[in-house]
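Next come the chains, spelled out residue by residue.
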Amino acid sequence: MDQRDLKHQPLDKYVPAYWRDVTWRRFTDEMMPDLRRDPLALRQEYFARNLQMVGAPHHAGVPFMAGMDTAPGVYIVPGFSLHDELANFVESGFTPLESLQTATSNPAKFLGLDASFGSVDVGKIADLVLLRGNPLDDIRNTQKISAVIQNGRLFDRAALDGILMNVELTAKRLK
């Protein structure tokens, strides 16, 4: 939370007003003052230890699946926050590939659907996200989405931007 400007979140426009105005505000009004009483160094150590708690079982062979919480998860925006989670996996010691697998092949294996999903291969069902940068070089490249293929349908950047515009309009209407 210390790394975020909570008053100027560009992704706020994609969530219902209730999340911003009630749920998230309650968190910042009720919980943040207590959290901020602890010295910054202590908060940073707490976060580092959380990363270690994820990294240790991973290095011991425990499989992980990505899965961001949503509301009332504070400042977690469905879809967008997955990129932060993937970066946190890397920060905790996963390779970028292992981080990507938490959102692709690992869930397919867990659900027993890896014969049909979870990787790109002949005969498998594959929804794809096409990126402008290699996420194996920098996991943050997962945010550089140029197109999505879902159920055989191509959504180029213009189509994705149109979808985002509709999400924004819908979020404004939701109270």
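Everything numeric in this text was worked out from a predicted model, so none of it was measured.

What counts, and at which threshold
- Residues numbered from 1 in each chain as written.
- Predicted model: local features only at pLDDT ≥ 70, side-chain atom pairs only at ≥ 80, totals over all residues.
- Heavy atoms only, no water.
- Helix = DSSP H or I, 4+ residues; strand = E, 2+ residues; numbered from the N terminus.
- Polar contact = N/O pair within 3.5 Å; in protein donor to acceptor, adjacent residues only side chain to side chain.
- Expected span 1.5 Å × (residues − 1).
- Buried < 20%, exposed > 50% of the residue type's maximum accessible area, 1.4 Å probe, protein only.
- Arc of directions from axis to C-beta.
- Contact = heavy atoms within 4.5 Å.
- Patch = residues over 30% accessible without salt bridge, like charges linked within 9 Å, V, L, I, M, F, W, Y side chains within 5 Å.
- Areas by Shrake-Rupley, 256 points an atom, 1.4 Å probe, with all protein chains shown as cover.
- Salt bridge = Lys/Arg side-chain N within 4 Å of Asp/Glu carboxyl O.

Considering the side chain of N141
Right, so step 1: You can see N141 is positioned in the loop between β1 (128-131) and β2 (145-150).
Right, so step 2: Of the polar contacts made by the side chain of N141, one reaches the backbone oxygen of N134; its length is 2.8 Å.

Comments concerning helix α7 (residues 157-173)
Right, so step 1: Taking 1.5 Å as the rise per residue, α7 with 17 residues should run 24 Å; its terminal C-alpha atoms sit 25 Å apart, in good agreement.
Right, so step 2: Those residues of α7 lying buried are L160, E168 and A171. Angular distribution of buried residues about the axis of α7 spans 85 degrees; they occupy a single face of the element. In α7, the exposed positions that point more than 90 degrees away from the buried face belong to A158, M165 and R173.
Right, so step 3: Check the buried side of α7 and you find it contacts α1 (17-30), β2 and β3 (153-156).

Some points on a nonpolar patch on the surface
Right, so step 1: Side chains of M65, F110, L111, L113, F117 and I125 sit close together on the surface and give an oily, nonpolar patch of about 600 Å² of accessible area.
Right, so step 2: Here I125 is to be found in the loop between α6 (105-110) and β1.

So yeah, pure geometry; function would need other evidence.
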